[in-house]
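Close look at the chain arrangement
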Amino acid sequence: MAKEFIIAIELGSSKITGIAGRKNQDGSTSILAVAQEDSTSCIRKGVIYNIDKTVQSLTNIVKKLETNLKTKIAHVYVGVGGQSIRSVKNVIAKDLPADTIVDQAMVYELMDANRSMVYPEQEILDAATQEYKVDNQYQLDPIGIQCSKLEGNFLNILWRKNFYRNLNKCFDNAGLAIADMYLAPLALADSILTETEKRSGCMLVDIGADTTTVSVYFKNILRHLAVIPLGSNNITKDIASLQMEDAEAEMMKLKYGSAYTDNNDIDNNLMLPIDQDRQVESRKFVEIVEARMEEIIENAWFQVPGEYADKLLSGIILTGGGSNMPNLVKAFRNHTHIEKIRIAKFVTQTINSNIPEISAHDGRMNTILGLLEKGDKNCAGEEFTNDLFGGEAKQGPTTADLHRNPRPANETTGRGIVPTEAEKQKAEEEARKRKEAEEAEAEEQRRLQEEEEARKKKENSMLNRLWRSIKKFSKTVMEEEE
């Protein structure tokens, strides 16, 4: 029996991670292999800037996983995140005849109109429906309600077009078919937030190496999403300004760094050793770390829309590698005045693994585990054989092969699924053909209508009426003579 497993890949600012897992019948997931490559030379702020190096890293990760699994990888699941991802509200309204009952087609029409919005240099990755306004009442499901005006409120999630193209190009050049692309922040939220937290309102803060991602939920709906170009590496760089190497600064951050230190606990005479010959004042070190941490917290809190700031009944949930800094909860409480704060060290699903990166439960692997949980297609290709004369391996499926029937936009609304470039091209081609067919049909209808009008015009012309009168007069004369 062929092997079955799911492959997920996350492109982070410090490393690219690939993971292989198998879904078990009891609902748990067993981790089969993990592979990582340093990405500091090809990804910045979660965005690809060197395509060739990224392709090489992806190729290396796949080779490592295939070696561990002893099976070819047919396709992978990919997370989309990084700088410039942001959410924008949009309202689409439609006037209806009086007492019209809303049906599914009307809702789809609003969704499609929203998806057709054009933002300069921005790509719509996903659209989360907020609610519908039926006349003057807000409804989550307007179908079956009678009204004269229907309004859809959407949250469009945007990313720069060139970032989107570069991501797709890297997987194409690496020969990797994409099973599905997911918005990494939404996949993360689904794996670490509880239904209660999403429903009652919460703020999810994922502190990464180069970026901090903020997601706000209320009534089970994503209300805001933003990526701040600040992360734990910024703290390291600030420490390095004390005339030391980045590696030394990172070591000191991990050893002595704290998001908050009470002023009475700072020893003004204490010197922290950098190496055998150099030291730095404890107070100076504390001030540098706290200043940058305060900037990250304030920028994250600033992202919460005003109308939801007092509705976060489930408080703040912190995750990511940066959430391991001591006293981080205290620092967040001081700046946000939110008492209910927890650190999500691991996903809510049951994960079976003895791999150190997974069993560490330090928040670093939460996003990729969330992506892995989203997978539902077997990613296994052909098994390796010892046959030296077996000929060339068969070409695996391409992204275009996997998505011959692209998902309609309105069927994936708000689920965090990002259409691949192959899907977009197929959808655009189908839309073009549909438009051409509609235009041809409309042209034929116009032609038939013009012919009918010409015929009627001819029948009603003065000459035609005169001719009919003559014929009638002639007929009358002939009848009288008889």
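Scroll up to find the structure.
Residues numbered from 1 in each chain as written. Predicted model: local features only at pLDDT ≥ 70, side-chain atom pairs only at ≥ 80, totals over all residues. Heavy atoms only, no water.

Digging into the overall build of the protein chain
Put simply, the test is: Only DSSP runs of H or I reaching four residues or more are called helices, and only runs of E reaching two or more are called strands; each is numbered from the N terminus. Only the C-alpha atoms count toward the radius of gyration. The rule for a globule is 2.2 Å times the residue count to the power 0.38. For every residue, the accessible area (1.4 Å probe, protein chains only) is compared with the maximum for its type, and the residue is labelled buried under 20%, exposed over 50%, or partly exposed between those bounds. The contact criterion used is simple: two residues touch if any of their non-hydrogen atoms lie within 4.5 Å.
Looking only at helices and strands, one finds 14 helices and 22 strands in the protein chain. Scaling as 2.2 N^0.38, a compact globule of 482 residues should have a C-alpha radius of gyration of about 23 Å, whereas the protein chain reaches 31 Å, well beyond that. Summarising its shape, the C-alpha atoms of the protein chain cover approximately 135 × 70 × 45 Å along the three principal directions. Of all 482 residues assigned to the protein chain, the portion counted as buried reaches 47%. Within the protein chain, contacts between residues separated by at least 24 positions form 69% of all contacts whose residues are at least 6 apart in sequence.

Regarding the pattern of salt bridges
So the rule is basically this: Whenever Lys or Arg places a side-chain nitrogen within 4 Å of a carboxyl oxygen from Asp or Glu, that contact is recorded as a salt bridge.
Using the criterion set out here, one finds 21 salt bridges in the structure. For the salt bridge of R292 with D238, the shortest nitrogen-to-oxygen distance reads 2.7 Å. Taken together, the residues span a long stretch of sequence, with R292 in helix 8 (residues 282-302) and D238 in helix 6 (residues 232-240) at a distance of 54 residues. Note on D238: relative accessible area 21%, which makes it partly exposed. Beyond isolated ion pairs, a larger network of salt bridges with shared partners links D190, K198 and K374.

Focus on the packing of helix 8 against helix 9 (residues 328-336)
Inclusion rule: All axes here are fitted lines through C-alpha atoms, helices being fitted over the stretch that makes contact, and every angle between N-to-C directions spans 0 to 180 degrees. Throughout, the term roughly parallel applies to angles under 35 degrees, roughly antiparallel to angles over 145, roughly perpendicular to angles from 65 to 115, and oblique to all others. Crossings are classed by handedness, with left-handed meaning an anticlockwise turn of the near helix from the far one by less than a right angle and right-handed meaning a clockwise turn.
Contact geometry of helix 8 with helix 9 gives a least axis separation of 10 Å together with a crossing angle of 55 degrees. Here helix 8 is positioned oblique relative to helix 9, judged by the angle of their axes. Classified by chirality, the crossing of helix 9 by helix 8 is right-handed. Mapping the contact onto sequence places M293, E294, I297, E298 and W301 in helix 8 and L328, A331, F332, H335 and T336 in helix 9.

Here we look at the nonpolar core
Filter applied, for reference: The term nonpolar core refers to a set of buried residues drawn from Ala, Val, Leu, Ile, Met, Phe, Trp, Tyr and Cys, joined through side-chain atoms within 4.5 Å.
Grouped together as the largest cluster of nonpolar side chains are 74 residues, with contacts concentrated most on I7, F171 and I358. Not counting the four nearest positions on each side in its chain, I7 is found in contact with I19, A20, L65, L69, I73, H75, V76, Y77 and C379. Grouped together as the second largest cluster of nonpolar side chains are 38 residues, I235, A259, I296 and I297 included.

Focus on the packing of aromatic side chains
The geometry of an aromatic ring pair is captured by the separation of the ring centres together with the interplanar angle, meaning the angle of the planes. Put simply, the rule is: Under the pairing criterion, centres of Phe, Tyr and Trp rings, with the six-membered ring standing for Trp, must be within 6.5 Å; the plane angle then separates stacked pairs below 30 degrees from edge-to-face pairs above 60, leaving the rest tilted. Any Lys NZ or Arg CZ found within 6 Å of a ring centre and within 35 degrees of that ring's normal is scored as a charge over the ring.
In this structure the tally under the stated criterion is five aromatic pairs. Judged by centre distance (6.2 Å) and plane angle (90 degrees), the ring pair of Y132 and F154 falls under edge-to-face. Of the two residues, Y132 is situated in strand 9 (residues 122-134) and F154 in strand 11 (residues 146-160); the sequence distance between them amounts to 22 residues. F154 carries the same exposure label as Y132, and that label is buried. Over the face of the ring belonging to Y49 we find R44, whose NZ or CZ atom lies 3.9 Å from the ring centre.

As for the pairing of strand 12 (residues 177-183)
The criterion, for reference: Note on pairing: DSSP must find at least two bridges between two strands before they are called paired.
For strand 12, the buried fraction is high: seven of the seven residues fall into the buried class. As defined by bridge partners, strand 7 (residues 75-80) adjoins strand 12 across six bridges and the pair is classed as parallel. Bridge assignment links H75 to a residue of strand 12, and that residue is A177. As defined by bridge partners, strand 12 adjoins strand 22 (residues 417-418) across two bridges and the pair is classed as antiparallel. Directly across from Y182, in strand 22, lies its bridge partner I417.

Describing the environment of V34
By secondary structure assignment, the location of V34 is in strand 3 (residues 29-38). A relative accessible area of 18% means that V34 is categorised as buried. Not counting residues within four places of it along the chain, the set of residues in contact with V34 comprises T17, G18, I19, L65, I355, I358 and M365.

Some words on unusual backbone geometry
Even without glycine at this site, E121 takes up a positive phi of about 60 degrees. Checked against the element boundaries, E121 lands in the loop between helix 2 (104-115) and strand 9. Look at E121 and you get exposed, because its relative accessible area is 59%. Of note in this structure, N327 is not a glycine but carries a positive phi near 60 degrees. In this fold, N327 is placed in the loop between strand 18 (316-319) and helix 9.

Let's talk about the packing of helix 4 (residues 184-192) against helix 11 (residues 366-374)
Two packed helices can be described by the angle between their axes and the distance between those axes. Put simply, the test is: Polarity classes work like this: nonpolar for Ala, Val, Leu, Ile, Met, Phe, Trp, Tyr, Cys and Pro, charged for Asp, Glu, Lys and Arg, and polar for all others, with Gly in that last group.
Look at helix 4 against helix 11: their axes get within 8 Å of each other, and the N-to-C directions meet at 85 degrees. The angle between helix 4 and helix 11 places the two elements in the roughly perpendicular class. Seen from helix 4, the contacting residues are A184, A187, L188, D190, S191 and I192; seen from helix 11, they are N366, T367, G370, L371, E373 and K374. Each residue belonging to the contact of helix 4 with helix 11 can be placed in one class, and the counts come to five nonpolar, four polar and three charged.

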